[in-house]
Amino acid sequence: MMSQTKKPLILPVTYRKVEENDYKNILALQQENFRSGVTEEDKQNGFLSAKFTKEQFMAMNADLGVIVAIQGKKLVGYVCGASFDYCKQFPLLKETIDDISFHQRKIGDTLMTSENTFFYGPVCIAKDERGQGILEGLFNTLKIIAISHAKHYNNCAFFMSPDNIRSSNAHQKRLGVRNIGSFFSPTRKKEFYLFARELEVLTLMANPAVQMTGFGSRLYSGKNQLWSLDEVRPNNVYRS
């Protein structure tokens, strides 16, 4: 009788706001994927164009949110979101926001402003865990927090290097973001693409097979579904 090869156990991923013990792992993942430390070959799989300190991550979390993806006991990804006002202290982010304001950039028919749009990113996912839905999980959790914020954000915007092809494709295909233009950065002496996306809240239909686990989105029957806002509870977690 032939023995069957066992499939590797895939641990569920939990998405939540960052905690104190996560910062050292965020900094380590950031260092592994920062542009200057990534080989030219690996850059095809995505890289980070900006680097932040622990204190800056903490400030972004207080301003809007830093979301982490935890698989087992391992931090496998994170995404940041912050207001335009907070982001203006960083030269490259300020250039992005200034371009949005100067050119009166729109997403759909909506003019993007500091009152209705937050800055998305950076986002980073461990190399071995990419393509498994973690990007969607991180984004959907951050989205719920942004919609629930006092400003009730309607949109998010961010920049991306033109040579960050994999990340650009992933964001357009999986998150439905739109390329809304480009701008030239005097500080980096290069062009960057601008992306934006409208936010929406989907209400999960009642289903006895679905059990509530917290706020955000959940992978069910192959589709990401969101809990409605009246089910949002701060600092809860959900699992995919």
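What counts, and where the lines are drawn
Residues numbered from 1 in each chain as written. Predicted model: local features only at pLDDT ≥ 70, side-chain atom pairs only at ≥ 80, totals over all residues. Heavy atoms only, no water. Helix = DSSP H or I, 4+ residues; strand = E, 2+ residues; numbered from the N terminus. Buried < 20%, exposed > 50% of the residue type's maximum accessible area, 1.4 Å probe, protein only. Contact = heavy atoms within 4.5 Å. Areas by Shrake-Rupley, 256 points an atom, 1.4 Å probe, with all protein chains shown as cover. Arc of directions from axis to C-beta. Core = buried A, V, L, I, M, F, W, Y, C linked by side-chain atoms within 4.5 Å. Phe/Tyr/Trp six-rings, centres within 6.5 Å; stacked < 30°, edge-to-face > 60°. Lys NZ or Arg CZ within 6 Å of the ring centre and 35° of its normal. Axes fitted to C-alpha atoms, helices over the stretch in contact; angles between N-to-C directions. Parallel < 35°, antiparallel > 145°, perpendicular 65-115°, else oblique. Left-handed = near helix turned anticlockwise from the far one by under 90°. Nonpolar A, V, L, I, M, F, W, Y, C, P; charged D, E, K, R; others polar.

*Asks:* Explain the overall build of the chain to me, and be specific about the residues and the numbers.
*Replies:* For the chain, the count of helices and strands is 6 helices and 12 strands. Relative to its 240 residues, the chain shows a buried fraction of 49%. Counted over contacts in the chain with a minimum sequence separation of 6, partners at least 24 positions apart contribute 67%. Roughly 12800 Å² of accessible area belongs to the chain as shown, and the carbon and sulfur atoms make up 51% of that amount.

*Asks:* Tell me what's going on with helix α2 (residues 54–63), and back it up with residues and numbers.
*Replies:* Every buried residue of α2 is accounted for by Phe-57, Met-60 and Asn-61. Across the axial projection of α2, the buried residues extend over an arc of 100°, all falling on one side. In α2, the exposed positions angled more than 90 degrees off the buried face are occupied by Glu-55 and Ala-62.

*Asks:* So what about the nonpolar core? Which residues, and what values?
*Replies:* Note that soluble globular proteins tend to have their nonpolar side chains buried in a common cluster. Formed by 65 residues in total, the largest nonpolar core has its most connected members in Tyr-78, Phe-118, Tyr-120 and Leu-138. Looking at this core, the element that brings in the most residues is helix α5 (residues 134–148), giving 8 residues.

*Asks:* Provide a residue-level description of the packing of aromatic side chains, including the pertinent values.
*Replies:* Inspection of the entire model under this criterion finds 12 aromatic pairs. Arranged with centres 5.7 Å apart and planes meeting at 70°, the rings of Tyr-120 and Phe-139 form a pair that is edge-to-face. One end of the pair, Tyr-120, is in strand β6 (residues 117–125); the other, Phe-139, is in helix α5, and 19 residues separate them in sequence. Classification of Tyr-120 by relative accessible area gives buried; the value is 3%. Relative to Phe-192, the ring of Phe-183 lies with its centre 5.9 Å away and its plane at 25°, an arrangement referred to as stacked. Across the pair, Phe-192 and Phe-183 agree in class, each one buried. Members of the aromatic cluster, joined through ring pairs, are Phe-52, Phe-57, Tyr-78, Tyr-86 and Phe-90. The ring of Phe-192 has Lys-190 sitting right over it, with the charged end atom 5.1 Å from the ring centre.

*Asks:* If you had to explain the packing of helix α1 (residues 23–33) against α2 to someone new, which residues and values would you point to?
*Replies:* At a minimum axis distance of 10 Å, the contact between α1 and α2 shows a crossing angle of 115°. Our classification of the angle between α1 and α2 gives roughly perpendicular. The element α1 and its partner α2 pack so that their crossing is right-handed. For the pair α1 and α2, contact is made by Tyr-23, Ile-26, Leu-27 and Gln-30 and by Lys-54, Phe-57, Met-58 and Asn-61, respectively. Class assignment of the residues belonging to the contact of α1 with α2 gives a composition of 5 nonpolar, 2 polar and 1 charged.

*Asks:* How would you sum up the side chain of Gln-30? Please name residues and give values.
*Replies:* Position of Gln-30 among the secondary structure elements: in helix α1. Taking the relative accessible area as the measure of exposure, Gln-30 reaches 3% and is therefore buried. Sequence-distant contacts of Gln-30, that is, excluding residues within four places in its chain, are made with Leu-48, Ala-50, Lys-51, Phe-52, Phe-57 and Tyr-78.

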